[in-house]
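So you can see what is in the structure, the chains are spelled out below.
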Amino acid sequence: MISSAPPSARIVRIRNTTDEELTLGLAGAGLSFSLDEARKVAKILGRDPTVVEAHIFNTMWSEHCSYKSSRTVLGEHLPTEASNVVLGPGEDAGIVRLCEIDGVSYCVAIAHESHNHPSQIVPNEGAATGIGGIVRDVYCMGADVVGVMDPLRFGDPEGPNAERTREIVHGVVEGIWQYGDALGVPNLGGDVYFDRSFDDNCLVNVVALGLVREDAIVRSRVPAEARDASYDLVLVGKPTDPSGFGGATFASRILDEEKALSDKYAVQVPDPFLKRMLTVATQEVLALVRERGAAIGFKDLGAGGIACATSEVGAAAGLGVRIDLSKVPVAERDMAPEVIACSETQERYCLVVPTGLTADVLRIFNEDFELPELCHGARAEVIGEVIPEPRFVLLHEGAVVCDASTEEITTGICYARPAAERARNADAPAVPADVDVTAAILAVAGSPNVASREHVYRHYDGEVKGNTVVRPGEADAGVIAPIPGEVAGVAVSADGNPFLGAIDPYTAGAAAVAESVRNVAAVGAVPIALTDCLNFGNPEEPEVFHDFVEAVRGIGDAARGIGQRDSDEPIPVVSGNVSFYNQSSAGSAILPSPIVCCVGYLADVTKHLTMGFEEPGNAIYLLGRRTGALGGSEFARGPLGATGGQPPAVDFEAERAMMSCVTVLAEARLAAACHDISDGGLAIAALEMMLTAAPDRSIGAWVDVSTLGGAERSVLEPNDQGRPVAASVAARLLLCEDGGYLLEVAPRDEGDVVALLGMKDVWFRRLGETTDDPSLTIRSVEGGDVTIARDDLARAWNGGATRVML
Amino acid sequence: MTRPYPRIAVIRFPGMNCEEETRRAVAAAGLACDVFMWNGPTDELALYDGYVLPGGFSYQDRVRAGAIAAKDRVVDCLFEEAAAGKPVIGICNGAQILLEAGLVPGFEPGRVEMGLATNIMPDRDGYYTRWTHLEVVDTGSSATCSFGRGDVVPIPVAHAEGRFVTSTEGLLDRLEENGQVVLRYVGPDGASDPGFPSNPNGSSRAIAGIRNVEGNVVAMMPHPERAAWLFQVPERLAGPWGASRRSARGERTLLEPGPGAAVMRSLRTFAERRSEEA
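In this text the structure is predicted, and so the values were computed from the model without any measurement.

What counts as what
Throughout this description, residue numbers start from 1 for each chain and increase along the sequence as written. To label them, take the chains in the order written and letter them from A, then take the ligands in the order written and number them from 1. At least 70 in pLDDT is required for a residue's local features to be given in this predicted model, at least 80 for side-chain atom pairs to be given and counted, and no such filter applies to totals for whole chains, interfaces and linings, which use all residues. Side-chain numbers come from the whole structure's heavy atoms, not from hydrogens or water. Helical segments are the DSSP runs of H or I of at least four residues, strand segments are the runs of E of at least two, and each set is numbered from the N terminus. The reference for a compact globule is 2.2 Å times residues^0.38; the radius of gyration itself is calculated from the C-alpha atoms. Relative accessibility under 20% of the residue-type maximum defines a buried residue, over 50% an exposed one, and the middle range a partly exposed one, all with a 1.4 Å probe and only protein chains included. Here, residues are in contact when the closest pair of their heavy atoms is within 4.5 Å. The Shrake-Rupley method, run with a 1.4 Å probe, gives the accessible areas here. Residue values count only the displayed protein chains as cover. The criterion for strand pairing is that DSSP finds at least two bridges linking the strands in question. Note on method: axes are straight lines fitted to C-alpha atoms, helices fitted across the in-contact stretch only, with angles between N-to-C directions ranging 0 to 180 degrees. The domain boundaries here were taken from an automatic or database domain assignment. Summed over both partners, the accessible surface that disappears when two parts come together, traced with a 1.4 Å probe, is what is meant by buried area. In the sections that follow, a salt bridge refers to a side-chain nitrogen of Lys or Arg positioned within 4 Å of a carboxyl oxygen of Asp or Glu. Think of a polar contact as two N or O atoms within 3.5 Å of one another; within protein, one of them needs to be a possible hydrogen donor and the other a possible acceptor, and neighboring residues in sequence only count if both atoms come from side chains. Aromatic rings from Phe, Tyr and Trp, taking only the six-membered ring of Trp, are treated as a pair when their centres fall within 6.5 Å; an angle between ring planes under 30 degrees marks them as stacked, one over 60 as edge-to-face, and anything in between as tilted. Definition used: whenever NZ (Lys) or CZ (Arg) falls within 6 Å of the ring centre and also within 35 degrees of the ring normal, the charge is taken to sit over that ring. Charged means Asp, Glu, Lys or Arg here, nonpolar means Ala, Val, Leu, Ile, Met, Phe, Trp, Tyr, Cys or Pro, and polar covers whatever is left, Gly included.

## A short note on the overall build of chain A
Then comes step 1: Counting its secondary structure elements, chain A contains 27 helices and 26 strands.
Then comes step 2: Against the globule reference of 28 Å for 806 residues, chain A gives a C-alpha radius of gyration of 27 Å, in line with a compact fold.
Then comes step 3: Counting only residues that meet the buried cut, chain A has 67% of its 806 residues in that class.
Then comes step 4: When contacts within chain A are restricted to residue pairs at least 6 apart in sequence, long-range pairs at least 24 apart make up 83% of them.
Then comes step 5: Surface accessibility of chain A: about 26000 Å² in total, with carbon and sulfur atoms responsible for 49%.

Now the structure itself:
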């Protein structure tokens, strides 16, 4: 049936227009979709859309909301199912089972997003609303947010845009602490990289982790009960204002700093205070819902605002909704209906509640928690109802401004983008024969990309909620015990080395999975789920799209190839986000940046590991071959000034065996400390273990590079053990970034550790020992042992990042 | 006849965010404890045996941290109950409220005599989180009566405005003479160290917590509820608590009380002592 547009509404003329007329018409209406897309809207509706309908399609068909370039690729490559998955990608957060205690199944809800463009334009607000948005995704599953993380990528703080870059660094970090600390969610980690490709387009990714009982999960949809009973739509939170109108489309085009001022209005305004009050009040509402045994729907308002959220909750149930936009509490008078419908004002939720419960829900928000008294204009209000016929109807001042089937409104759009491999620089970095090993190690340790992140994480509250067991800086992953009184633990880490992306996006995707898995395993946690945030340039450019496809393929292969420890199942990718158009108008795209977060489970959190050395006189074991491949490494890019070559390939079987071994060793309490080897290689891993020991312990270490032979493709032979190694070879082996672990093992446990490593077929060496001499000594180097004093290491590593953030 | 546990109210002002873990830590010390809403009935609030104002960002730190909450009507009730000798402990934002309300140091109750100003730190600004070492200077308060004088106790801080300051001449001397400085930041070995980071915010005379003259009202910046269990202590912390933490790994003892639990035990002791006297 072809319906006619509501008679009283303004329409956007699409049919019977020339391309020139349509271009002008779309621009005049502030619509950013293509001519083809506009004509497709008219075709789907069988008529010209109203202005409100056009804006809804414009938002829903933005790259940000529709995944129109990425959906097919994600579906093809990423494993999203496993027996522990309760809810895979599709709703606001993914959910996996964690453990069962006294018959109650506890789950982890996790969401992962980017807030890149807003943070480049207004760093503080952009980063803050990034946290604000991601926590809503987890809260609206009925979960309590128990941790957040922020992977950050900034421009070159010592390059041509140093001043602006440092402003952005300061603003982003400030936005994160001002929002996250006030909201009261512990910050459990993240990472930071600097590179000139991020000068015009920083990356601010955010991860939120929630805890929810399986029987208390709330879905983002109208409940089935609404077929037979009357249901209201309740909007709660900040009064709707024009902020964030067009936010999703802003995120879906190339960032133009020239237009930055006008884009400012596409950035929402953060209010962590209101969010905190909404959070505690919502917990009371959810408790009441459970007590009454009611079924509700609960959805956060993000991209596309009221229109997207309410049409989606209806469409998911095959039902319709009718909303009166005049009932929406607004912050300004005379807002146009399309602005009320599509603005992305922060701190709002939509609840779908049985009519009998509505009065109680309104009372909790408006009276018990006094929202209208605490924040000007904030309140809960009934704005509409569920209707049996599957139509999406919006009224404004008595007139129908949108009337379409929910199926039409939520129709997807999909593109098959062309991909083309870009030319790579294959020249392998060469290490000069006269390399100064000490200088090389200190230079890598003091690089802003490798050095201690203490300057950043001391801004973040890592301990609010009182559940934190391991804080940022103490180990490779943050660890919490989120169920008070129980020993069940959760570990999280987010990783993604952009310099691998520059050279080999497949390896970058695979290595991001491998590193996040190692980080979680290194604290003794068994990996149970992954999320990804895929940050790339303009997907309409074939080389960028090829980078994207390769990175996704790498993530998928690693998730399956490493897999879950005690089964043949993959580590499922349960949620994620694609962020394209991370590119300046000048044309330079960011380094391909797949960022992966891994969640791990500790059955007994008391058995977690940290990375600081514990005792002098213990053995240091290396797990994982050193191939000596330097492509993308900090050593190559920094001291050697070489950008080409190949990074070490990710060996899924080896990663699986090491992960399995390390977590079993932790459970059996056979390791004193453990640290993953990644950026900066084993030399940096060793010095970090030294520098994170308790400050009143004076612990050093020696390592013997001649033990590193025997690896496939290695520069050393196994029978080289004990024979001095050329300085250039030593530097290569110490600073190459093959994945692996360093383990500190007490002498009494060495027999058991070696037996287990052998049984699991892990490549390992007894690399050295901890000492009571506060220095790092490298033995078996031609010309004599290399010894670096702890103070020198500390000065380089502690100050390297702080230096560029002041 | 067994005496009932003292009942403690943890007061939730809008924007606070530490009420739940504070309630758990208070309850773990053997006290009955409820979270009490800022807009709850004050006649019910008056029935409690003691009060804790937890951390967070009450009223979004509008004007100044703690300034708006200090004008709330529940604070009038706290004045009355404090005058009756009941224990009142303010932690972090709670401490800011008690100072803004003029409940501490309380030479002239209701008058703001001290403030908690913006942290002063070398090479950084804003919020700062760190485990600090505190010397228990005075054991006559509701937050410290279970400690020994001179004990060194590690407890973390997390704030942007925690620097005890006053413009009143002689006030700091008077506080010290009266024993009203209850906690002071020191080095990990317990030695006096007024410098950063031992003194994490540039606080005058490295003050971390003060009390009123009577000792029942205490304002402290460190968060004892984040040090209430041993598992919360960082493994890399210097000193005996760090060593205990490391040696407890893999053991159930990791779930036993941590260094901050003695603050809650002090609250219990103080409340019980008072009800015995009454």
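From this point on, the discussion continues.
## Comments concerning the sheet that holds strand E10 (residues 348-354) of chain A
All names here are of chain A.
Then comes step 1: On the basis of which strands lie adjacent, the open sheet formed by seven strands has the order E8-E10-E7-E11-E9-E12-E13 and mixed pairing. If you trace the sheet from one side to the other, it starts and ends with strand E8 (297-300) and strand E13 (399-405), each paired once. Averaged over all adjacent pairs, the angle separating strand axes in this sheet is 20°, with direction ignored.
Then comes step 2: With four bridges joining them, E8 and E10 adopt antiparallel strand pairing. Bridging across to E10, Lys299 finds its partner in Cys350.
Then comes step 3: Contacts from helix H14 (residues 355-368) reach strand E7 (231-237), E10 and strand E11 (379-387) within the one sheet, and its direction differs from that of E10 by about 145°.

## Details of the environment of B:Met264
Residue and element names in this part refer to chain B.
Then comes step 1: The topology assignment puts Met264 in helix H7 (residues 261-277).
Then comes step 2: Sequence separation between Met264 and Cys145 is 119 residues; the distance between their C-alpha atoms is 10.0 Å.
Then comes step 3: The residues contacting Met264, other than those within four sequence positions of it, are Ala25, Val26, Ala29, Leu31, Pro224 and Glu225.

## Comments concerning the domain arrangement of chain A
Residue and element names in this part refer to chain A.
Then comes step 1: If you check the domain split of chain A, you get domain 1 (71-409) and domain 2 (428-465 + 609-806).
Then comes step 2: When each unit is reduced to the centre of its C-alpha atoms, the spacing between domain 1 and domain 2 is 41 Å.
Then comes step 3: With 20 residues of domain 1 at the interface, the matching set in domain 2 holds 16 residues.
Then comes step 4: Where domain 1 abuts domain 2, roughly 1700 Å² becomes buried across the two surfaces, and 56% of that area is made up of carbon and sulfur atoms.
Then comes step 5: When the buried surface of domain 1 facing domain 2 is broken down by residue, Arg166, Val192 and Phe194 rank first, second and third, together holding 28% of it.
Then comes step 6: Linking domain 1 to domain 2 there are two salt bridges.
Then comes step 7: Residue Glu158 is joined to Arg803 by a salt bridge in which the shortest nitrogen-to-oxygen separation is 2.8 Å.
Then comes step 8: At the boundary of domain 1 with domain 2, the tally comes to eight residue pairs in polar contact (both at pLDDT 80 or more).

## Some points on the interface of chain A and chain B
Then comes step 1: With 53 residues of chain A at the interface, the matching set in chain B holds 46 residues.
Then comes step 2: For the pair chain A and chain B, the summed buried area comes to about 4100 Å², and 48% of that belongs to carbon and sulfur atoms.
Then comes step 3: Counting the contacts that link chain A with chain B gives five salt bridges.
Then comes step 4: B:Glu251 is the partner of A:Arg669 in a salt bridge, and the nearest nitrogen-oxygen pair spans 3.2 Å.
Then comes step 5: Linking chain A to chain B there are 32 residue pairs in polar contact (both at pLDDT 80 or more).

## As for the sheet that holds strand E2 (residues 94-101) of chain A
Residue and element names in this part refer to chain A.
Then comes step 1: A sheet is described by the order of its strands in space; here six strands give the open sequence E1-E2-E3-E6-E4-E5, paired in mixed fashion. Looking at the sheet topology across the chains shown, the edges are occupied by strand E1 (85-87) and strand E5 (187-194). Between one strand axis and the next, the sheet turns by 25° as a mean value, whatever way the strands run.
Then comes step 2: Two elements, strand E4 (residues 144-154) and strand E6 (residues 203-213), share seven bridges in a ladder whose sense is antiparallel. From the neighbouring strand, Met149 faces E6, where its bridge partner is Val207.
Then comes step 3: Contacting strand E3 (104-114), E4 and E6, helix H7 (residues 123-139) runs over the sheet at an angle of about 25° to E6.
Then comes step 4: Each of E4, E5 and E6 is contacted by helix H8 (residues 162-183), which is oriented at about 180° to E4, the strand it contacts most.

## Quick look at the pattern of salt bridges
Then comes step 1: All told, the structure shown has 60 salt bridges over all chains when counted by the stated rule.
Then comes step 2: With a closest N to O distance of 3.0 Å, B:Arg184 and B:Glu176 form a salt bridge.
Then comes step 3: According to the relative accessible area criterion, B:Arg184 is buried, its value standing at 17%.
Then comes step 4: Each of A:Arg136, A:Lys275, A:Asp300 and A:Glu347 takes part in salt bridges that share partners, so that together they form one network.

## Overview of the packing of aromatic side chains
Then comes step 1: Counted under the stated rule, the structure contains 13 aromatic pairs over all chains.
Then comes step 2: Here B:Phe36 and B:Tyr48 contribute two aromatic rings whose centre-to-centre distance is 6.0 Å and whose plane-to-plane angle is 80°, an arrangement assigned as edge-to-face. Of this pair, B:Phe36 sits in strand E2 (residues 32-37) while B:Tyr48 sits in the loop between helix H2 (42-45) and strand E3 (50-53), placing them twelve residues apart in sequence. Taken as a pair, B:Phe36 and B:Tyr48 share a single burial class, namely buried.
Then comes step 3: One aromatic cluster is present, formed by A:Phe536, A:Phe545, A:Phe548 and A:Phe580 through successive ring pairs.
Then comes step 4: Between A:Arg637 and the ring centre of A:Phe499, over which it is positioned, the NZ or CZ distance is 3.2 Å.
Then comes step 5: Sitting over the face of the ring of B:Phe107, B:Arg174 holds its NZ or CZ atom 3.7 Å from the ring centroid.

## Quick word on the packing of helix H24 (residues 681-691) of chain A against helix H25 (residues 727-735) of chain A
All names here are of chain A.
Then comes step 1: Two elements in contact, H24 and H25, have axes separated by 3 Å at closest approach and are oriented at 65°. Contacts between H24 and H25 involve Gly681, Leu682 and Ala683 on the former and, on the latter, Leu733, Leu734 and Leu735.
Then comes step 2: Per-class residue counts for the contact of H24 with H25 are five nonpolar, one polar and no charged.

## Some thoughts on helix H3 (residues 51-60) of chain A
Then comes step 1: Of all ten residues in H3(A), ten are buried, a share of seventy percent or more.
Then comes step 2: Those residues of H3(A) not exposed but buried are A:Val51, A:Val52, A:Glu53, A:Ala54, A:His55, A:Ile56, A:Phe57, A:Asn58, A:Thr59 and A:Met60.

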